[in-house]
Amino acid sequence: MDATRLSDDDMTSAVVRARALVIIEDDAPIRRALRHALSAVTDRLLEAPTGREGIDITATERPDLVILDLGLPDCRGVDVCHEIRSWSRVPILVLSARHSDAEKVQLLNAGADDYVTKPFSTPEFVARVRALLRRARLPTADDVATVVEGYGLTIDLLHRRVTRGGTPIRLTPIEWDILRTLVTNAGRTLTHQQIFDAVWGDAAGNPQQYLRVHITNLRRKVEANAARPELIVTEPGVGYRAELPA
Ligand code: CA
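Residues numbered from 1 in each chain as written. Predicted model: local features only at pLDDT ≥ 70, side-chain atom pairs only at ≥ 80, totals over all residues. Heavy atoms only, no water.

All right, on to the sheet that holds strand E11 (residues 232–235) then. With respect to topology, 3 strands assemble into an open sheet ordered E10-E12-E11, the strand pairing being antiparallel. The strands lining the two open edges of the sheet, one partner per strand, are strand E10 (190–191) and E11. Strand direction decides the pairing type here: E11 and strand E12 (residues 239–242), joined by 4 bridges, are antiparallel. Its bridge partner being in E12, Glu 235 is matched across the sheet by Gly 239. (Pairing = 2+ DSSP bridges. Helix = DSSP H or I, 4+ residues; strand = E, 2+ residues; numbered from the N terminus.)

Okay, here's the thing in structure tokens:
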């Protein structure tokens, strides 16, 4: 796997370091501030002042993470995100002056992994970078553990079985597909559209409305307290995220 190349020491240490990072940002003072903030995270920080250069550097250098500013002189940040995501799974952290819920949804649908709103504090920014690097080392959706446990539940992804304390929980095929989609992307917010596409394929419909009904039913079955869900968390206006215990 190319996404991260970290030493065994890094693997066991709480301090995550990256081989190379790319910053795509036209504003030189902000690039300088980010370079300073990230000096503890990597020795190799590549900078691109335009979207086109950022795409080229990402393609040739295969960094561990891309930091992408949305306000670029030559193209829309969301298009840069789409382009990189069409051939790479590298984590993409988006920087923006402001985010409406609609923008967050658009970015996540375009393949961004997380977003930070300017102005941001350096410690928070570095923490988000490290969280993405850490997550990139975890198994991907393709090779995730086949049995997931948490909150008293055992979710057997291979045999499509969910049990609580050994007692089977009956899910409809749609509920199962939603649960599997969320759990195999645990820790990551998926938009309504992303979940809808994964579960219903090309079907037409209002993803948010469809999901609201099924998530309510699913929570009633799998959450200890459906009114205070722990496993399936709502990201208001954006989508849902599965949270597994550490
Ligand atoms: Ca900018």
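Next up on the list: helix H9 (residues 207–222). Owing to its 3.6 residues per turn, the α-helix brings residues three or four apart onto one side. Between its terminal C-alpha atoms H9 stretches 21 Å, which fits the 22 Å expected from 16 residues at 1.5 Å a residue. Those residues of H9 that are buried are in contact with strand E7 (153–156), strand E8 (161–164), helix H7 (173–183), helix H8 (192–200), E11 and E12. (Expected span 1.5 Å × (residues − 1). Contact = heavy atoms within 4.5 Å.)

Protein ligation of the calcium ion involves Glu 25 (OE), Asp 26 (OD), Asp 69 (OD) and Gly 71 (O), the donor distances falling in the range 2.1 to 2.6 Å. Going along the chain, you hit the donors of the calcium ion in the pattern E-D-x42-D-x1-G. Here Gly 71 lies in the loop between strand E3 (65–69) and helix H4 (77–85) and Asp 26 lies in the loop between strand E1 (21–24) and helix H2 (28–37), a separation of 45 residues in the sequence. On the accessibility criterion, Asp 26 (35% relative accessible area) is partly exposed. Residue classification places Gly 71 among the partly exposed positions, given a relative accessible area of 44%. (Donors = N, O, S within 2.8 Å, 3.2 Å for Na, K, Ca; no water. Buried < 20%, exposed > 50% of the residue type's maximum accessible area, 1.4 Å probe, protein only.)

As a further point, take the domain arrangement of the protein chain. Taken domain by domain, the protein chain comprises domain 1 (8–137) and domain 2 (147–242). Between domain 1 and domain 2, the C-alpha centre-to-centre distance is 29 Å. Surface buried jointly by domain 1 and domain 2 totals about 730 Å² across both partners, of which 48% is contributed by carbon and sulfur atoms. Looking only at domain 1, the three residues that lose the most surface to domain 2 are Leu 108, Asn 109 and Arg 135, adding up to 53% of its buried area. Taken together, domain 1 and domain 2 are joined by 1 salt bridge. Across the pair Arg 188 and Asp 113 runs a salt bridge whose closest N-O atoms are separated by 3.8 Å. Counting across the interface, domain 1 meets domain 2 through 2 residue pairs in polar contact (both at pLDDT 80 or more). Broken down by element, the side of domain 1 that touches domain 2 gets its largest block of residues, 5 residues, from helix H5 (residues 101–109). Of the residues belonging to the side of domain 1 that touches domain 2, the class tally is 4 nonpolar, 2 polar and 4 charged. (Domains from an automatic or database assignment. Buried area = accessible area lost by both parts, 1.4 Å probe. Salt bridge = Lys/Arg side-chain N within 4 Å of Asp/Glu carboxyl O. Polar contact = N/O pair within 3.5 Å; in protein donor to acceptor, adjacent residues only side chain to side chain. Nonpolar A, V, L, I, M, F, W, Y, C, P; charged D, E, K, R; others polar.)

Bringing H8 into the picture now. When H8 is considered as a whole, its buried residues turn out to be His 192, Ile 195, Phe 196, Val 199 and Trp 200. Buried residues in H8, looked at end-on, bunch into an arc of 100°, giving them a common side. In this structure, the buried side of H8 is in contact with H7, E10, H9 and E12. At the exit of H8 stands Gly 201, carrying a positive phi of roughly 65°. (Arc of directions from axis to C-beta.)

Next up on the list: the nonpolar core. In terms of nonpolar packing, the biggest core is built from 25 residues, with Ile 155, Val 162, Ile 178, Leu 179, Leu 182 and Ile 232 touching the most fellow members. Broken down by secondary-structure element, the contributors of at least two residues to this core are E7, H7, H8, H9 and E12. With 5 residues, the top contributor of residues to this core is H7. Among residues more than four places away in sequence, those in contact with Val 162 are Leu 153, Thr 154, Ile 155, Thr 167, Pro 168, Ile 169, Leu 171, Trp 176, Leu 179 and Val 222. Within the second largest apolar cluster, 24 residues are counted, among which are Ile 55, Val 90, Leu 108 and Ala 110. (Core = buried A, V, L, I, M, F, W, Y, C linked by side-chain atoms within 4.5 Å.)

On to the layout of surface pockets, then. If you add up the space inside the second largest pocket, you get close to 270 Å³. Elements with a minimum of two residues in the lining of the second largest pocket: strand E5 (114–117) and helix H6 (122–136). It is H6 that provides the largest number of residues to the lining of the second largest pocket, a total of 5 residues. Tallied by class, residues from the lining of the second largest pocket come to 5 nonpolar, 2 polar and 8 charged. (1 Å grid on protein atoms, 1.4 Å probe; cavity = no way out; pocket = protein on both sides within 12 Å on 5 of 7 lines; lining within 4 Å. Points joined across faces, edges and corners; volume = space filled by probe spheres on them.)

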